[in-house]
Amino acid sequence: MDTGGADGRGRKVFFLHPHPVVREELLPSVLESEYETYLVDDHLRLPLLLRGFPDSVLFLNVDAEVKGVKWQDYARSLASSPETAGVGIGVLSSSEDRELMRIYLEELAVPYGFIVLRAGTEESRRSLLSGLKEARAIGQRKSVRARCGDGALASFNVKYGGRYHSGIVKDLSSAGFAGSFSNGFGLETETRLTDIQLKLRGRLIRVSALIALKRPSEEGEEIYVFLFDATVTGETKQKLRLFSHELLQAEMDRKIGAIALPRQGSP
């Protein structure tokens with residue numbers, strides 16, 4: 001059974017030269033469905049990047065006009081290379097040209113379809129989410145988690161015993177976060193906290209959570225895992241997903257930027 005990715009953690013989803021409908025309308029729905037999603041505008045480095053993520057999913061915006069690029073040849077090249085042959089390709093376009101559809105669906109046999117996007121339509125959202133579901137891109141995970149670094153990007157305050165106690169967020173998802181308290185403060189597992197302030201790049205979000213477990217880190221500090229309770233829903237979860245996406249996108253942008261392109265004419 002395909003559990004989504006080699007280890008069941010889900011497949012990374014890339015949108016190359018994302019269609020305006022994806023950027024402006026559909027991205028929140030994709031994130032809400034907990035797909036690990038990346039927007040990429042570098043068609044030259046992307047094939048080299050995908051060698052490191054050979055079971056990912058790639059949606060090509062074939063409406064994008066890029067000098068020297070024929071998207072049919074681009075798709076063929078990815079499918080014919082042993083290093084990227086496992087990447088599942090889908091096509092996005094605002095065109096309903098049947099010959100264009102035939103080329104991608106029959107000649108190239110892209111596995112995740114030719115999805116026609118129209119601004120402001122529910123059909124576009126359903127079609128894209130259906131393609132992602134078919135790709136089993138979510139895997140067995142429940143939510144997308146992003147690393148937050150050393151506290152410069154994300155921190156928290158907890159009100160307990162009439163006082164506020166601060167800490168650093170280590171990683172974050174729409175389901176909860178892992179973090180460490182400052183100044184040696186500690187709590188027991190199963191403690192329910194109803195007043196937590198998350199500070200995410202200056203944005204303040206109030207949540208409540210249960211301490212599900214604690215464990216020592218390699219540095220010897222106590223790491224607490226906080227699971228959000230049922231009061232954390234809707235708009236708050238969407239803010240958490242968007243922040244996680246921003247962190248993951250920034251990390252992926254750094255990886256792409258670090259890829260050296262072969263010199264023209266070199267093998």
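Residues numbered from 1 in each chain as written. Predicted model: local features only at pLDDT ≥ 70, side-chain atom pairs only at ≥ 80, totals over all residues. Heavy atoms only, no water.

Participant: Mind laying out the pairing of strand β1 (residues 13-16), listing which residues take part and the relevant values?
Facilitator: Alternating positions in β1 separate into two faces, V13 and F15 on one and F14 and L16 on the other, with burial throughout. Bridging between β1 and strand β2 (residues 37-40) involves four bridges; their strand directions are parallel. Considered in β2, the bridge of F15 is made with L39. In this region the chain leaves β1, passes through helix α1 (residues 20-32) and returns to the parallel neighbour β2; the handedness of that crossover is right-handed. The pairing of β1 with strand β3 (residues 57-61) spans four bridges and is parallel. Considered in β3, the bridge of L16 is made with L60. (Buried < 20%, exposed > 50% of the residue type's maximum accessible area, 1.4 Å probe, protein only. Helix = DSSP H or I, 4+ residues; strand = E, 2+ residues; numbered from the N terminus. Pairing = 2+ DSSP bridges. Right-handed = clockwise from strand over helix to strand, strands pointing away.)

Participant: Would you mind going over unusual backbone geometry in detail, with residue names and values included?
Facilitator: Not every positive phi belongs to a glycine, and H17 is a case in point at roughly 45°. With a relative accessible area of 14%, H17 lands in the buried category. With a phi close to 50°, R136 is a non-glycine residue in the positive phi region. Here R136 shows up in the loop between α5 (122-134) and β6 (146-147). Classification of R136 by relative accessible area gives partly exposed; the value is 39%.

Participant: Please set out the packing of aromatic side chains residue by residue, giving values where relevant.
Facilitator: Enumeration according to the criterion identifies 15 aromatic pairs in this entry. Consider the rings of Y104 and F114, whose centres lie 6.1 Å apart with planes at 50°: the pair is tilted. Taken together, the residues span a long stretch of sequence, with Y104 in helix α4 (residues 98-107) and F114 in strand β5 (residues 114-116) at a distance of 10 residues. On the basis of an interplanar angle of 45° and a centroid distance of 6.4 Å, the ring pair of Y224 and F226 is categorised as tilted. When sorted by exposure, Y224 lands in the same class as F226, which is buried. An aromatic cluster of at least three residues, connected via ring pairs, comprises F156, Y160, F177, F181, F185, Y224, F226 and F228. (Phe/Tyr/Trp six-rings, centres within 6.5 Å; stacked < 30°, edge-to-face > 60°.)

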